[in-house]
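Residues per chain are reported as follows:
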Amino acid sequence: MPARIRRDPRAQLVTILVFVALVVLSWWVEPFLSNNDVATKSPGALDNGEYEVLRVVDGDTLLLKKDRLRVRLQGVDTPETVKEYTAVEKWGPEATAYTERFIREARSRVSITVDGEGVDQYGRHLAFVWHDGRLLNEELIAAGLARSKLAYDYSQRMKDRLRAAQAKARREQLGIWSD
């Protein structure tokens, strides 16, 4: 016959209180520990125009000063550097450094054009980022620091530019194409 387990009500109460304290503490501390700068409100439309960049998140993502909007470069996928539970991928730090240099040369002021779908499945605004006639999206791909993403909804003209940039990088075996 199995032995009966006696439950101490004080131990159960202590367990419940500790659990509640941990939940409350995690709720209070999470904003300080999180690397997620996304605005808490649902994303609005991002209009074409000039914007100030608050910071570079990674090679293909920027945080704008205006409403702390997160912008993902349309048609571009750079290797990961800050994705939770994902190791830093080869060429990711170089892609991030390239984007940081581009933004620094622009003195944190860039022109943004929206072409096609405006927001991705993660709530990031999709855009093409320009400075002085230079297109960051295209330059990252041409340098071999990103892959073009052509299956998304944006103009054929821009897809052709990104496709040509990727073909050049592959031909010259730059960056991610050098392995």
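Everything numeric in this text was worked out from a predicted model, so none of it was measured.

### Considering the overall build of the protein chain
In terms of regular secondary structure, the protein chain is built from 4 helices and 8 strands. For the protein chain, the succession of helices and strands along the chain, N to C, is α-β-β-β-β-α-β-β-β-α-β-α. Buried residues in the protein chain amount to 37% of all 179 residues. A separation of at least 24 residues holds for 61% of the contacts in the protein chain among residues at least 6 apart in sequence. Carbon and sulfur atoms provide 55% of the accessible area of the protein chain, an area that totals close to 11,500 Å².

### Section: the confidence of the model for the protein chain
Do not read the predicted coordinates in detail wherever pLDDT is low. For the protein chain, per-residue confidence averages 86 on the pLDDT scale, and 82% of positions sit at 70 or higher. Considering only residues more than four positions removed or in separate chains, one finds that residues 29-43, a stretch of pLDDT under 50, has 15 contacts.

### Considering the pattern of salt bridges
Under the definition given, this model contains 11 salt bridges. With a shortest N-O distance of 2.9 Å, Arg134 and Glu105 are connected by a salt bridge. One end of the pair, Arg134, is in strand 7 (residues 134-135); the other, Glu105, is in helix 2 (residues 92-105), and 29 residues separate them in sequence. Across the pair Arg163 and Asp160 runs a salt bridge, and its minimum N-O distance is 3.0 Å. Here Arg163 pairs with Asp160, and both are found in helix 4 (residues 156-171), just 3 residues apart, close to one helical turn.

### Brief notes about the nonpolar core
With 32 residues, the main nonpolar core has Leu46, Leu64, Ile112, Val129 and Leu140 as its most contacted residues. Where this core is concerned, the elements lending two or more residues are strand 1 (49-58), strand 2 (61-64), strand 3 (70-73), helix 2, strand 5 (109-113), strand 6 (125-131), helix 3 (136-142) and helix 4.

### Section: the environment of Thr78
Looking at the element boundaries, Thr78 is found in the loop between strand 4 (76-77) and helix 2. For the pair Thr78 and Trp91, spaced 13 residues apart in sequence, the C-alpha to C-alpha distance is 8.1 Å. When near neighbours in sequence (up to four residues on either side) are disregarded, Thr78 contacts Gly59, Asp60, Ala95, Leu140, Leu145 and Ala146.

Definitions and limits used
- Residues numbered from 1 in each chain as written.
- Predicted model: local features only at pLDDT ≥ 70, side-chain atom pairs only at ≥ 80, totals over all residues.
- Heavy atoms only, no water.
- Helix = DSSP H or I, 4+ residues; strand = E, 2+ residues; numbered from the N terminus.
- Buried < 20%, exposed > 50% of the residue type's maximum accessible area, 1.4 Å probe, protein only.
- Contact = heavy atoms within 4.5 Å.
- Areas by Shrake-Rupley, 256 points an atom, 1.4 Å probe, with all protein chains shown as cover.
- pLDDT = per-residue confidence, 0-100.
- Salt bridge = Lys/Arg side-chain N within 4 Å of Asp/Glu carboxyl O.
- Core = buried A, V, L, I, M, F, W, Y, C linked by side-chain atoms within 4.5 Å.

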